Amino acid sequence: MASGYPVVLSLANRLCVVAGGGSVAERKAAGLLEAGANVHVIAPRLTPRLKEWGAAGKLRATERAIEADDLEGAALLFAATDRPDVNRSIAEEARARGIPVNLADQGEAGDFVTPAVVRRGRLVFAVSASGAGPAFAARLAAELSERYGEEYESLAEQLYKLRRAALSSVSDPAERRKLLQASASDAALELWKKCPEDSAGEVLLSKLKELARDRHDQDLS
Ligand SMILES: C[C@@]1(CC(=O)O)C2=NC(=C\c3[nH]c(c(CCC(=O)O)c3CC(=O)O)Cc3[nH]c(c(CC(=O)O)c3CCC(=O)O)/C=C3\N/C(=C\2)[C@@H](CCC(=O)O)[C@]3(C)CC(=O)O)/[C@H]1CCC(=O)O
Ligand SMILES: NC(=O)c1ccc[n+]([C@@H]2O[C@H](COP(=O)([O-])OP(=O)(O)OC[C@H]3O[C@@H](n4cnc5c(N)ncnc54)[C@H](O)[C@@H]3O)[C@@H](O)[C@H]2O)c1
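Residues numbered from 1 in each chain as written. Chains lettered and ligands numbered in written order. Predicted model: local features only at pLDDT ≥ 70, side-chain atom pairs only at ≥ 80, totals over all residues.

## As for the overall build of the protein chain
Part 1 of the argument: Helix and strand counts for the protein chain stand at eight helices and seven strands.
Part 2 of the argument: Along the first, second and third principal axes, the C-alpha set of the protein chain runs to 70 × 35 × 30 Å.
Part 3 of the argument: Relative to its full complement of 221 residues, the protein chain shows a buried share of 27%.
Part 4 of the argument: Here the contacts in the protein chain between residues at least 6 apart in sequence split such that 51% fall between residues at least 24 apart. (Helix = DSSP H or I, 4+ residues; strand = E, 2+ residues; numbered from the N terminus. Buried ≥ 20, exposed ≤ 12 C-beta atoms within 10 Å, placed from the backbone. Contact = placed C-beta atoms within 7 Å.)

Here's what the structure looks like:
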């Protein structure tokens, strides 16, 4: 497998079809729900959780074999049945319609693979081992999960607000770039962890300006 080209797709409200209803289909569906996709899972046999999500309206669950018409309007297809022939033929139908395909039983023959993922709010870590094995990717993702704890969700939120404040109130692009670079320094990250919530980001921006001034003064002395 040549190593692929990583992207972060916006799937909010886009139809994603999952063929298959076992543990692999459940994992793909769970990841798609986290991305806000409109998920349709189709299989004669569904896991209890997939049934529960269907009954709760989190996704659409249909208990029958996949059909080509199910692909109508889909942005992506996940072929995750335990029948290689079914996966192959629905993948062909999808490709004929220009729909990218993920093949659970033969990743390399699909259009994209799903990496191991760790989410911390806006922060998304994705690890792909490109054929070196999902166990390796999952192990490295678990290490990232330990290194970057839950606190990184609010940290990323603070940085988001700060960046918005900088974009709207620091008009000089060079000055802004300097500030935003400083906003991700070790000292700055420590500062944001201790800062109170500030929905406009103005307090964060004034603290960042102070920090940048201190750094500048230290450089001069
Ligand atoms: C990371 C993760 C993400 C996810 O699926 O969400 C993921 N597989 C995970 C688990 C897992 N996979 C397998 C087992 C059974 C135990 C074992 O054998 O280890 C388990 C464990 C379990 O199911 O619990 C076996 C397996 N996987 C693939 C094949 C076929 C092949 O090699 O082509 C076979 C043999 C099937 C067979 O014939 O039995 C294929 C793919 N699996 C990928 C991703 C893509 C490559 C990603 C990369 O680039 O590294 C790729 C290529 C395609 C794709 O699925 O997109 C997720 C870990 C999530 C986590 O825990 O964080
Ligand atoms: N990519 C991965 O991460 C990964 C991990 C493990 C296994 N696998 C592969 O994925 C396959 C599925 O794994 P699983 O553990 O979810 O299997 P499973 O046996 O739990 O589930 C198989 C599902 O396929 C459905 N199915 C069968 N025929 C169908 C059809 N015509 N249309 C729609 N659905 C149909 C069944 O109803 C069932 O829901 C395995 O056979 C294996 O090759 C991939």
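## What to know about the site of ligand 1
Part 1 of the argument: What surrounds ligand 1 is a group of 20 residues, the closest being Gly 107, Ala 116, Ser 128, Ala 129 and Pro 134.
Part 2 of the argument: The residue makeup of the shell around ligand 1, split by class, is ten nonpolar, seven polar and three charged.
Part 3 of the argument: When residues of the shell around ligand 1 are sorted by domain, at least three fall in each of domain 1 (15-114) and domain 2 (115-148). (Near = placed C-beta within 6 Å. Nonpolar A, V, L, I, M, F, W, Y, C, P; charged D, E, K, R; others polar. Domains from an automatic or database assignment.)

## Overview of the site of ligand 2
Part 1 of the argument: The local shell around ligand 2 holds 21 residues, among which Gly 21, Gly 22, Val 24, Ala 43 and Asp 105 are the closest.
Part 2 of the argument: The element best represented in the shell around ligand 2 is helix 1 (residues 23-34), accounting for three residues.
Part 3 of the argument: Split into classes, the residues belonging to the shell around ligand 2 amount to twelve nonpolar, five polar and four charged.

## Comments concerning the domain arrangement of the protein chain
Part 1 of the argument: Assigned domains within the protein chain: domain 1 (15-114), domain 2 (115-148) and domain 3 (151-220).
Part 2 of the argument: The gap between the C-alpha centroids of domain 1 and domain 3 is 42 Å.

## Concerning the nonpolar core
Part 1 of the argument: In terms of nonpolar packing, the biggest core is built from 30 residues, with Cys 16, Val 18, Ala 19, Val 41, Leu 77, Phe 78 and Ala 79 touching the most fellow members.
Part 2 of the argument: Breaking this core down by element, the ones donating at least two residues are strand 1 (15-19), helix 1, strand 2 (38-42), helix 2 (48-55), strand 4 (76-79), helix 3 (84-96) and strand 5 (101-103).
Part 3 of the argument: Residues contacting Val 41, with those up to four places away along its chain left out, are Val 18, Gly 21, Ala 25, Ala 29, Leu 46, Leu 50, Leu 59 and Ala 61. (Core = buried A, V, L, I, M, F, W, Y, C linked by C-beta atoms within 7 Å.)

## Comments concerning the pairing of strand 6 (residues 116-120)
Part 1 of the argument: The sheet contact formed by strand 6 and strand 7 (residues 123-127) spans five bridges and is antiparallel. The residue of strand 7 that forms the bridge with Val 117 is Ala 126.
Part 2 of the argument: Hairpin remark: strand 6 followed by strand 7, antiparallel, with two residues in the connecting loop; positive phi at Gly 121, about 60°. (Pairing = 2+ DSSP bridges.)

## Re the sheet that holds strand 1
Part 1 of the argument: Strands sit in the order 3-2-1-4-5 across an open sheet of five strands; the sheet is parallel. Across the chains shown, the open sheet's two edge strands, defined by having one partner strand only, are strand 3 (60-62) and strand 5. The sheet shows a mean angle of 15° between the axes of neighbouring strands, direction not considered.
Part 2 of the argument: As judged from the three bridges shared by strand 4 and strand 5, these two strands associate in the parallel manner. Within strand 5, the position partnered with Ala 79 by the bridge is Leu 103.
Part 3 of the argument: Running over the sheet, helix 3 touches strand 1, strand 4 and strand 5 and is turned about 170° from strand 4. (Axes fitted to C-alpha atoms, helices over the stretch in contact; angles between N-to-C directions.)

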